[in-house]
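Structural features, examined
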Amino acid sequence: MAPEVVLVTGGTGLIGKAIEKVAIEEARPNERWVFVSSKDANLVSESETVALFQKYRPTYVIHLAAASGGLFRHLQSTLDFFRSNMKINDNVLQCCFKYNVKKCVSCLSTSVFPADSTYPVDETMIHHGVPHDSEFGFSFAKLMVDVMNHCYHQEYNCNFTSVILTNVFGPHDNFDLEDGHVIAGLIDKAYHSKRDNKPFVIWGTGSPRRQFIYSLDLARLFMWVLREYDEISPIILSVDEEDEVSIKEVAEMVVEAMNFQGEIIHDTTKSDGQFRRTVNNAKLRKYLPDFKFTPTKQGIKETAEWFIENYDVIRK
Ligand code: GDP
């Protein structure tokens, strides 16, 4: 029997690499996992997306690919992010439909929630208002994935669903300062501050709060969503509310993990972004009450160790 192909778009990034590691342990005998990146196909292009599906004929798709970046990139390029992500998602879901993909799991992020939400937010609130203007274009494009999932289900009974992620970090993160997210950015800065004997600079006030999920925990949850989760509507994959931390606390964990002992300063001319976006993971907890998350501090330590070991080859 021909193997069932699981195609992972955006498969060489932070989440894809973690899924690859977990899939090696949890793959079924008749499964072939294929991790593709923008080098294999530019998903903004319809013809390249079709060629990719033609080549692999996937049975399942985990759709991670997105045009994305940290807060500072989003502030600069919101229209580009909107247009690219709209095209990518439309191309991928249309191919999933045409090639009879049995299930497609796409990614949303907590930036999709209305900016004036009351916190914590949950899955029922995603279409209740306008996302924060710091990631406006990106967030609206992501919201349309849920709209498309429901349309495909309503018209063709497709099993396309999505997950909502909080801030993800781990090995293989993007450690580029301008494009990257906070934990990777801080690890990179701590490394250079220590090496060059310079102050360690935290951008913003340090008071915004975030729920961080370690990429390997997220990968395990992705496997569960692919195999077991049977709803079209999204599910939040996040640590519990009490595990939310401030950027200042995260910076302290990075300083400890990197053994940085110099001066620490804040650059408050840099934006804080959203102050908080606390999510309620009750839906996930209803399905998986006993799932154990890696404590943020331990995840940061492992990520810092990975960064130091791989410094010479890290994509920059
Ligand atoms: P967000 O969670 O989508 O807002 O994106 P980020 O991960 O880029 O930023 C989160 C928070 O970390 C914001 O309040 C930033 O001001 C703060 N921050 C502190 N230092 C850094 C850094 O070195 N890089 C980034 N990207 N953010 C930082």
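Residues numbered from 1 in each chain as written. Predicted model: local features only at pLDDT ≥ 70, side-chain atom pairs only at ≥ 80, totals over all residues. Heavy atoms only, no water.

**Brief notes about the domain arrangement of the protein chain**
Taken domain by domain, the protein chain holds domain 1 (4–168 + 211–240) and domain 2 (170–210 + 242–276 + 295–313). If you average the C-alpha positions of domain 1 and of domain 2, the two centres end up 26 Å apart. Domain 1 puts 20 residues into the contact, and the matching count from domain 2 is 28 residues. Roughly 2,200 Å² of surface becomes buried between domain 1 and domain 2 when both sides are summed, with 58% attributable to carbon and sulfur atoms. On the domain 1 side of the contact with domain 2, Phe 72, Phe 212 and Tyr 214 bury the most area, a combined 32% of that side's loss. For the pair domain 1 and domain 2, the number of links is zero salt bridges. For the pair domain 1 and domain 2, the interface holds five residue pairs in polar contact (both at pLDDT 80 or more). Among the elements of the structure, helix 1 (14–26), helix 3 (71–76), strand 6 (167–169) and strand 9 (212–214) are those that each provide at least two residues to the side of domain 1 that touches domain 2. (Domains from an automatic or database assignment. Contact = heavy atoms within 4.5 Å. Buried area = accessible area lost by both parts, 1.4 Å probe. Salt bridge = Lys/Arg side-chain N within 4 Å of Asp/Glu carboxyl O. Polar contact = N/O pair within 3.5 Å; in protein donor to acceptor, adjacent residues only side chain to side chain. Helix = DSSP H or I, 4+ residues; strand = E, 2+ residues; numbered from the N terminus.)

**Re empty space enclosed by the protein**
All chains considered together, the criterion is met by one cavity of 30 Å³ or more. Considering only enclosed or pocket space, the largest cavity measures out at about 40 Å³ in volume. In this structure, the largest cavity is lined by Thr 110, Thr 166, Asn 167, Arg 209, Arg 210, Gln 211 and Arg 277. Residue composition of the lining of the largest cavity, by class: no nonpolar, four polar and three charged. (1 Å grid on protein atoms, 1.4 Å probe; cavity = no way out; pocket = protein on both sides within 12 Å on 5 of 7 lines; lining within 4 Å. Points joined across faces, edges and corners; volume = space filled by probe spheres on them. Nonpolar A, V, L, I, M, F, W, Y, C, P; charged D, E, K, R; others polar.)

**Things to note about the nonpolar core**
One finds Ile 15, Ile 19, Trp 33, Val 163, Leu 165, Phe 222 and Leu 237 to be the most contacted residues of the largest nonpolar core, which totals 62 residues. Looking at which element gives the most residues to this core, the answer is helix 7 (residues 215–227), with nine residues. Among the domains, domain 1 (4–168 + 211–240) and domain 2 (170–210 + 242–276 + 295–313) are the pair contributing at least three residues each to this core. Those residues in contact with Ile 15, other than ones at most four positions away along the chain, are Leu 64, Leu 165, Val 168, Leu 218 and Phe 222. Of all hydrophobic cores here, the second largest spans 34 residues; its members include Phe 53, Ile 88, Cys 96 and Ile 126. (Core = buried A, V, L, I, M, F, W, Y, C linked by side-chain atoms within 4.5 Å. Buried < 20%, exposed > 50% of the residue type's maximum accessible area, 1.4 Å probe, protein only.)

**Remarks on the packing of helix 4 (residues 78–98) against helix 5 (residues 136–156)**
Put simply, helix 4 and helix 5 touch, their axes get as near as 8 Å, and they point 20° apart. Judged by the angle between their axes, helix 4 and helix 5 are roughly parallel. Handedness of the crossing formed by helix 4 with helix 5: right-handed. Residue-level contacts link Thr 78, Phe 81, Phe 82, Asn 85, Met 86, Asn 89, Asp 90, Leu 93, Gln 94 and Phe 97 of helix 4 to Phe 136, Gly 137, Phe 138, Phe 140, Ala 141, Met 144, Val 145, Met 148, Asn 149, Tyr 152 and Tyr 156 of helix 5. A per-class count over the contact of helix 4 with helix 5 returns 14 nonpolar, six polar and one charged. (Axes fitted to C-alpha atoms, helices over the stretch in contact; angles between N-to-C directions. Parallel < 35°, antiparallel > 145°, perpendicular 65-115°, else oblique. Left-handed = near helix turned anticlockwise from the far one by under 90°.)

**Details of the packing of aromatic side chains**
Here the structure, examined in full by the defined rule, presents 19 aromatic pairs. Taking the centre distance of 5.2 Å and the plane angle of 75° together, the rings of Phe 136 and Phe 140 count as edge-to-face. Here Phe 136 and its partner Phe 140 are both found in helix 5, four residues apart, which amounts to about one turn of the helix. Classification of Phe 136 as partly exposed rests on a relative accessible area of 37%. The exposure class of Phe 140 is partly exposed, given its relative accessible area of 24%. (Phe/Tyr/Trp six-rings, centres within 6.5 Å; stacked < 30°, edge-to-face > 60°.)

**So, helix 4**
For helix 4, with 21 residues, the first-to-last C-alpha span of 30 Å sits near the 30 Å given by 1.5 Å per residue. All of the buried residues in helix 4 are Phe 81, Asn 85, Ile 88, Asn 89, Asn 91, Val 92, Leu 93, Cys 95 and Cys 96. Remark: Asn 100 follows helix 4 within two positions and exhibits a positive phi of approximately 55°. (Expected span 1.5 Å × (residues − 1).)

**Points about the side chain of Ser 215**
Position of Ser 215 among the secondary structure elements: in helix 7. Residue Ser 215 is classed as buried on the basis of its relative accessible area of 1%.

**A few points about unusual backbone geometry**
With an omega of 0°, the peptide bond between Tyr 119 and Pro 120 qualifies as cis. Relative to the helices and strands, Pro 120 is located in the loop between strand 4 (103–109) and helix 5. Even without a glycine there, the phi angle at Arg 57 is positive, about 45°. In this fold, Arg 57 is placed in the loop between helix 2 (46–56) and strand 3 (60–63). Its identity is not glycine, yet Asn 100 carries a phi of approximately 55°, on the positive side. Within the secondary structure layout, Asn 100 lies in the loop between helix 4 and strand 4.

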